[in-house]
Amino acid sequence: MLTLTFLLSAGAAGAQTVLPVANASATAVQEPAVATFAGQAITASELEAEGASRLLKVRNEEFKIKAELARELAFRRLQERAARALGIERAELFRRNVTAMAGEPAKEEVEDLLKRYRAQLPPDEAQARQQVVQYLREQRTRAQEQGWRRAMLADARFRLLIDPPRADIGTDDRDPSRGPAEAPVTVVEFSDYQCPFCGRVQSSLHQLKQTYGSKLRFVFKQLPLEMHQHARFAAEAALCAGQQGKYWEMHDWLFANQQKIAPEGIRAAAVELKLAPAAFAACLEKKTFARKVEDDVRLAGSLGITGTPAFLVNGRFIEGAQPYEAFQEVIDDELARKAPAEPAR
């Protein structure tokens, strides 16, 4: 079995001016300066301390590009190796493993898409059908290629050695969580109960729970956006439900009933969830968890998170209502990083 290990490192930075830090002792280690003013220097470490969290998203994009390039390079080289072993061209290997295996879309799939998107398709029936069939063929081919790539890289024990950027935010007892505290992977979600994209991503998170079980711990951070009239009330209501041990029941109800998110709808949900009505009402009236919600909002801002949903998977940033596979890729990588390295063969 072939073993492929890739080590990517950032290119060397350009020459930097080195100046002593203002007011530093003569024995202090001098640092590279990134800026100077009035005879003083701003050092690289000072800049890092000031902007590390705000730069998280940018650095995450750079990491994703490098990681994808490494996988693409490994995949191409594995194909070339396999094609040489079979005495065929790489294009023929691709045809055998992808194009020929993808197959034709089922008649039911074609009819379903024709019905659902008829208004956006060409008026000519034959042309519309051709367009749908072509789209489904491309979709099936892409899925087959992705599956083949995953299998080849797994068989070759591909391992990415560059470290992803992480945000170390920590969690506390006030954060709703589920899953074992000792789980190797923690998924922190910043979310808004009135955000449609936040509701949409819940199916991906549910699938993750089913797949990974006790390997995952989920932590929820409240990030009600100003554009959503009832989002802050909903966030506080969920935490109030948590006072009675039913945070996740309220959480699930809110995402399943986003069209009912208004104070009267949430109060009705509290009755449905068998919460003690007087205690729940008092918690809301006293705004018991208003500060906790505000703390979460401030934390999101310090990380440069301005939209929902946003996730930190062991500190690694994932933005938006991503499909299950996007989370799976990061979680699998995290689990692999925690596992002992296999010896080369």
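The rules behind each value
Residues numbered from 1 in each chain as written. Predicted model: local features only at pLDDT ≥ 70, side-chain atom pairs only at ≥ 80, totals over all residues. Heavy atoms only, no water. Helix = DSSP H or I, 4+ residues; strand = E, 2+ residues; numbered from the N terminus. Expected span 1.5 Å × (residues − 1). Buried < 20%, exposed > 50% of the residue type's maximum accessible area, 1.4 Å probe, protein only. Contact = heavy atoms within 4.5 Å. Lys, Arg positive; Asp, Glu negative; His and termini not counted. Salt bridge = Lys/Arg side-chain N within 4 Å of Asp/Glu carboxyl O. Polar contact = N/O pair within 3.5 Å; in protein donor to acceptor, adjacent residues only side chain to side chain. Core = buried A, V, L, I, M, F, W, Y, C linked by side-chain atoms within 4.5 Å. Disulfide = S-S within 2.5 Å. Pairing = 2+ DSSP bridges. Axes fitted to C-alpha atoms, helices over the stretch in contact; angles between N-to-C directions.

Q: Honestly, helix H12 (residues 324-338) in this entry has me stumped. Any pointers?
A: Helical geometry note: an α-helix holds 3.6 residues per turn, so side chains three or four residues apart project in the same direction. Helix length check: H12, at 15 residues, gives a terminal C-alpha distance of 21 Å against a target of 21 Å (1.5 Å per residue), a fit within 8%. Three or more residues of H12 are buried, namely Tyr-324, Phe-327, Val-330, Ile-331, Asp-333 and Glu-334. At its buried positions, H12 is contacted by strand E7 (185-191), helix H6 (196-212), strand E8 (216-222), strand E9 (310-313) and strand E10 (316-319).

Q: Help me understand the side chain of Asp-192, please; the structure alone is not making it clear to me.
A: Structurally, Asp-192 is set in the loop between E7 and H6. Despite being buried, Asp-192 has no salt bridge partner; Arg-232 is the closest side chain of opposite charge, sitting 9.0 Å away. Reaching out from Asp-192, the side chain makes a polar contact with the backbone nitrogen of Gln-194 at a distance of 2.6 Å. One polar contact links the side chain of Asp-192 to the main-chain amide nitrogen of Leu-225, over a distance of 2.8 Å.

Q: Sorry if this is basic, but what is going on with the nonpolar core here?
A: Taken as a class, soluble globular proteins show a tendency for nonpolar side chains to be buried jointly. Counting residues in hydrophobic clusters, the biggest one holds 28 residues, and the most contacted among them are Tyr-193, Met-250, Leu-254, Ile-266 and Phe-280. Of all the secondary structure elements, the ones that give two or more residues to this core are helix H7 (231-243), helix H8 (247-256), helix H9 (263-272) and helix H10 (277-285). Element by element, the count of residues in this core is highest for H7, at seven residues. Setting aside anything within four residues of it in sequence, one finds Phe-280 in contact with Ala-237, Cys-240, Ala-241, Gln-244, Met-250, Ile-266, Ala-270 and Leu-275. If you look at the next biggest cluster of nonpolar residues, it comprises 17 residues, including Ala-70, Val-98, Met-152 and Phe-158.

Q: What's the story with the pattern of salt bridges in this structure? I'm lost.
A: For side chains of opposite charge, pairing can occur when their charged atoms come near one another. Inspection of every chain in the model, using the stated rule, returns 29 salt bridges. With its nearest N and O atoms 3.4 Å apart, the salt bridge here joins Arg-140 to Glu-109. In this pair, Arg-140 is assigned in helix H5 (residues 125-155) and Glu-109 in helix H4 (residues 107-116), connecting sequence segments 31 residues apart. Note that Asp-175 is salt-bridged to Lys-292, the shortest N-O span being 2.4 Å. Placement of Asp-175 in the loop between strand E5 (159-160) and strand E6 (177-178) and of Lys-292 in helix H11 (residues 290-302) is noted, with a sequence separation of 117 residues between them. Exposure remark for Asp-175: the relative accessible area of 5% places this residue in the buried category.

Q: Quick question: what am I supposed to make of the state of the cysteines here?
A: Working definition of a disulfide: a covalent bond connecting the sulfur atoms of two cysteines. Applying the stated criterion across every chain, the model contains one disulfide. Put simply, Cys-240 and Cys-283 are joined by a disulfide, and their sulfur atoms are 2.1 Å apart. An S-S torsion of about -85° defines the bridge between Cys-240 and Cys-283 as left-handed. Residue Cys-240 is found in helix H7, and its partner Cys-283 is found in helix H10; the two are separated by 43 residues along the sequence. Looking at Cys-240, the relative accessible area reads 1%, which means it is buried.

Q: Is there a simple way to explain the sheet that holds E6 in this structure?
A: Each strand in a sheet pairs with another by means of backbone hydrogen bonds, the pair being arranged parallel or else antiparallel. One open sheet holds the five strands; their spatial order is E6-E8-E7-E9-E10, and the pairing between them is mixed. One side of each edge strand has no neighbouring strand; the edge strands of this open sheet are E6 and E10. With four bridges connecting them, E9 and E10 associate as antiparallel partners. Paired with Val-313 across the two strands is Arg-316, which belongs to E10. In this fold H11 packs onto E7 and E8, with an angle of close to 100° to the strand it touches most, E8.

Q: What am I meant to see in the environment of Glu-48 here?
A: Following the sequence through the fold, Glu-48 ends up in helix H1 (residues 44-51). What makes Glu-48 partly exposed here is its relative accessible area of 34%.

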